[in-house]
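# Observations on the model geometry
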Amino acid sequence: MRKQRLLRGLLWGLLWALLMGGCGRAGQTGSVPVNAETAAPVEEDTDVTDVSGESTAGEAQEAEDAEASAPDLHEYDFTLAFAGDINLADDWGTMGYYRAQGEDIRACIDPQLIARMQAADLMCLNLECCLSDEGEPMAGKAYTFRGDPAHVQILEELGVDLVNLANNHVFDYGEDAFLDMLSILDGEELPYVGAGADAGEAKEPWYGTFDGRTVAVVSATRAEKYILTPEAGKDTPGVFRCYDTEALLETVEEADQNADFVIAYIHWGTEYSEELEDVQAEGARALAEAGADVVLGAHPHCLQGAEFVDGTPVFYSLGNYWFNEKTLDTVLLELHFYGNDEEQHLEITPVPARQEGYVTRLLTEPEEVEAWEAHLEAMEPSGVSIDEYGIAREVE
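This text gives an overview of the structure that appears in the document. (Residues numbered from 1 in each chain as written. Predicted model: local features only at pLDDT ≥ 70, side-chain atom pairs only at ≥ 80, totals over all residues. Heavy atoms only, no water.)

## Topic: helix α3 (residues 93-100)
Among all positions in α3, only T94, M95 and Y98 are buried. Viewed end-on, α3 has its buried residues packed into an arc of 90 degrees, placing them on one side of the element. Buried residues in α3 make contact with α5 (152-157) and β15 (320-322). After α3 finishes, the residue G102 shows a positive phi value of roughly 75 degrees. (Buried < 20%, exposed > 50% of the residue type's maximum accessible area, 1.4 Å probe, protein only. Helix = DSSP H or I, 4+ residues; strand = E, 2+ residues; numbered from the N terminus. Arc of directions from axis to C-beta. Contact = heavy atoms within 4.5 Å.)

Written out as structure tokens, the structure is:
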């Protein structure tokens, strides 16, 4: 074989010499690349492979064409964050402490928590008061909460994108104050869910789009033992009640038809009790069957247990986020959705925190974090465990 290559090389060399002799060297044009070993010309071709065996220009083009023709799987990756109760009433201890700190919310809620709230693609919490300077306290109610309309700026500073109003304190100062608050939130372009100027608005899910995926949040309340907060009617303002779950389940089913992911955020349970009411467990299962992908709760003012109901994560109460001076474990719940058209993933990170003396702080010391995780895992129904990365996993 080597001899054949040498012979071909000699013949090509002789031919080349004759050509050069006949044409001369001066003013050469259209020179042809030559193989260095044999001095034989090599035809010009972009589809060649070099001696190292690396990809050729042709192969690179083929790879580029294949990539261009590959189907778009519509990748998505976003995080939704939820927290429990916050109280911005002017005559309440939280706002008294806030004023004493020079109206610096970062002295009240840990800046590290605020950074995570602001970083989330959606941040939602339960506003446990009315924001207005109108109205009078509701007669016969032990606790009534109203804050200055300017306090909406605190929500914006915290990175809040959606306000849950399905609770038992948004109507504490009557209809005029309630409608004024809705107008204030609308003016600040801060969406709300779970209450409205009429039943249609109160029941309406909130919809948002993230990386091409639609998320719905549905909120309702069944928290009062003595029902004082009005239910929204056909032409009257109020909250979306769910003592009778039929309308709530219909709304979740509707949201499931219109969204890729549905979050149900329900105001329920017994105040300062870690023990679930039967209606919470029954309601969570019904919500999951109706199409909720995650079920969250508020109102008890303390953490309650968590579980997975047929694969649907349920955190029965997120507790007080910044509500009073009591020492209570709380959480910033981060829901990380990622995947594509072929596979979907949800990772839930309960960020451990504690409310204490009008300050809510992130827990970072290993001993505190371990105690917080043990507390969550021990509460009935004891259906989750926290792994080494801080992610909630279903207990097998």
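## Some details on the sheet that holds strand β9 (residues 213-221)
Strand order in this open sheet of six strands is β8-β9-β11-β12-β14-β13, and the pairing throughout is mixed. Looking at the sheet topology across the chains shown, the edges are occupied by β8 (206-210) and β13 (306-309). Direction aside, the axes of adjacent strands within the sheet are offset by 20 degrees on average. Note that β8 and β9 share five bridges and pair antiparallel. Within β9, the position partnered with G208 by the bridge is V215. (Pairing = 2+ DSSP bridges. Axes fitted to C-alpha atoms, helices over the stretch in contact; angles between N-to-C directions.)

## Observations concerning the layout of surface pockets
Computed from the structure, the largest pocket encloses a volume of approximately 480 Å³. Residue lining of the largest pocket: 19 residues in total, with Y143, N168, H169, E271 and H299 positioned closest to the centre. For the lining of the largest pocket, a count of residues per class yields nine nonpolar, five polar and five charged. For the second largest pocket, the calculated volume is near 240 Å³. F308, G311, P313, H345 and L346 are, among the 17 residues lining the second largest pocket, the residues nearest its centre. Of all the secondary-structure elements, those providing two or more residues to the lining of the second largest pocket are β14 (312-315), β17 (344-356) and β20 (392-394). Of all the elements, β17 adds the most residues to the lining of the second largest pocket, at five residues. (1 Å grid on protein atoms, 1.4 Å probe; cavity = no way out; pocket = protein on both sides within 12 Å on 5 of 7 lines; lining within 4 Å. Points joined across faces, edges and corners; volume = space filled by probe spheres on them. Nonpolar A, V, L, I, M, F, W, Y, C, P; charged D, E, K, R; others polar.)

## Quick word on the pattern of salt bridges
By the definition in use, this model includes eleven salt bridges. R99 is the salt-bridge partner of D90, the closest N and O atoms lying 3.9 Å from each other. Taking the relative accessible area as the measure of exposure, D90 reaches 27% and is therefore partly exposed. A relative accessible area of 41% places R99 in the partly exposed class. Its salt-bridge partner being K141, residue D172 comes within 2.5 Å of it at the nearest N-O pair. Placement of the pair is D172 in the loop between β5 (162-164) and α6 (174-187) and K141 in the loop between β3 (130-131) and β4 (146-147), with a sequence separation of 31 residues. As far as burial versus exposure is concerned, D172 and K141 are alike and both buried. Taken together, the shared-partner salt bridges connect D329, R354, R361 and E368 into one network. (Salt bridge = Lys/Arg side-chain N within 4 Å of Asp/Glu carboxyl O.)

## Let's talk about the packing of helix α8 (residues 246-258) against helix α9 (residues 278-290)
Following both chains from N to C, one finds α8 and α9 inclined at 35 degrees, their axes separated by 8 Å at the closest point. Where α8 crosses over α9, the handedness of that crossing is right-handed. Contact with α8, carried on its side by L248, L249, V252, E253 and D256, involves A286, L287 and A290 of α9 and no other residues of that element. A class-by-class count of the residues in the contact of α8 with α9 yields six nonpolar, no polar and two charged. (Left-handed = near helix turned anticlockwise from the far one by under 90°.)

## Concerning empty space enclosed by the protein
Applying the stated criterion to the full structure yields one cavity of 30 Å³ or more. Estimated volume of the largest cavity: approximately 40 Å³. Surrounding the largest cavity, L303, F315, S317, L318, V331, P350, W372 and L376 form its lining. Looking at the lining of the largest cavity, its residues break down into seven nonpolar, one polar and no charged.

## Looking at the pairing of strand β16 (residues 328-339)
The buried count for β16 comes to ten of twelve residues, which makes it a mostly enclosed element. With seven bridges connecting them, strand β1 (residues 76-86) and β16 associate as antiparallel partners. Bridged to F82 within β16 is L333. From the end of β16 to the start of β17, which pair antiparallel, there are four residues.

## Looking at the packing of aromatic side chains
Following the criterion strictly, the structure yields 16 aromatic pairs and no others. Ring plane angle 85 degrees and centroid distance 6.0 Å describe the contact between F145 and F323, whose orientation is recorded as edge-to-face. In this pair, F145 is assigned in the loop between β3 and β4 and F323 in the loop between β15 and β16, connecting sequence segments 178 residues apart. There is no split in this pair, since F145 and F323 are both buried. Among the aromatic side chains, those forming a connected cluster through ring pairs are Y76, F78, W206, F210, F261 and F337. It is K326 that lies over the ring of Y272; its NZ or CZ is 5.4 Å from the centre. (Phe/Tyr/Trp six-rings, centres within 6.5 Å; stacked < 30°, edge-to-face > 60°. Lys NZ or Arg CZ within 6 Å of the ring centre and 35° of its normal.)

All quantities given are derived from atomic positions and should not be read as evidence of function.
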